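A closer look at the structure
Residue strings, one per chain:
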Amino acid sequence: VRALVDQSVPREQYEIIVVDDASTDDTAAIATGAGADRVLVIEHGGAAAARNAGLAATVGELVLFTDADCVPSREWIEHLVSPFAEPAVAGVKGTYRTMQRQLIARLVQLEFERRYERMARLSQIDFIDTYAAAYRRSVLVEEGGFATDYPVPSAEDVDLSFRLATRGHRMVFAPQAWVWHTHPSSLNAYLRRKVRFGYWRALLY
């Protein structure tokens, strides 16, 4: 939240909404103290339900998403919203970076960077991860937001992306819109993450 408060975009041009998905710590108070404009506390429903609650509370033309384990760069908003100067763009995807030095974490980052290299060559993409994402609000509302069939963070952003792509919405890659992230640093943690994602992706496909 502190990173979102200190952006290159003037503070009066955006609002920060934090959705607390029934946490059992001091998330709401901490987010408010860090500078969030609004904190919504909802019954536990998972990441998709939390993002939908945040979407319902917004009024701006553009809606940006990041996750609790991410720290946006100072130019994050600026780089995510600039592609919307093209009227046909409905969604924009950013990137991960990490300051970790553990071997597994570095390999995870390399895995992402190989994907980014391929995406950078494309004029449009069909997948936006919500750790660094921006959409036209009207498009999300029309599409019904994120599918709450996914109870844990897994494939809800893939599902939304595929639905938008199927309807012909243009999505693009903005590699300079990056967030710091803490990747799994042990092999067991990495494999557990892959199993969880793979399970829900299989159902999605």
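This section reports on the structure supplied with the text. (Residues numbered from 1 in each chain as written. Predicted model: local features only at pLDDT ≥ 70, side-chain atom pairs only at ≥ 80, totals over all residues. Heavy atoms only, no water.)

1. Quick look at the sheet that holds strand 6 (residues 133–136)
Quick reminder of the rule: Strand pairing is assigned whenever DSSP identifies at least 2 bridges connecting the two strands. By definition, any uninterrupted DSSP run of H or I lasting at least four residues is a helix, any uninterrupted run of E lasting at least two residues is a strand, and each is numbered from the N terminus. In this analysis an axis means a line fitted to C-alpha atoms, helices contributing only their contacting stretch, and an angle means the value between N-to-C directions, from 0 to 180 degrees.
Spatially, 3-6-5-7-4 is the arrangement adopted by the five strands of the open sheet, whose pairing is mixed. Of all strands in the sheet, those with a lone pairing partner are strand 3 (62–65) and strand 4 (70–72), marking the two edges. Neighbour-to-neighbour, the strand axes of the sheet open up by a mean angle of 35°, direction not taken into account.

2. Let's talk about helix 3 (residues 47–57)
The test is simple: When a residue's accessible area, from a 1.4 Å probe over protein chains only, is under 20% of the maximum for its type it is buried; when over 50% it is exposed; and in between it is partly exposed. Working rule for contacts: check all heavy atoms of both residues, and any pair within 4.5 Å makes them a contact.
Of all eleven residues making up helix 3, nine are buried, and the element is well covered by its neighbours. Of the positions making up helix 3, those classed as buried are Ala47, Ala48, Ala50, Arg51, Asn52, Ala53, Gly54, Leu55 and Ala57. Buried residues along helix 3 sit against strand 1 (17–20), strand 2 (38–41), strand 3, helix 6 (137–143) and helix 7 (156–166).

3. Thoughts on the side chain of Asp20
Rule in force here: The convention is simple: Lys and Arg are positive, Asp and Glu are negative, and His and the chain ends are not counted. Definition used for salt bridges: Asp or Glu carboxyl oxygen within 4 Å of a side-chain nitrogen of Lys or Arg.
Note on placement: Asp20 falls in strand 1. Despite being buried, Asp20 has no salt bridge partner; Arg51 is the closest side chain of opposite charge, sitting 14 Å away. Contact partners of Asp20, with chain neighbours within four places excluded, come to Thr27, Ala28, Val39, Leu40, Val41 and Ile42.

Interpretation note: all reported values are geometric properties and have no functional meaning in isolation.
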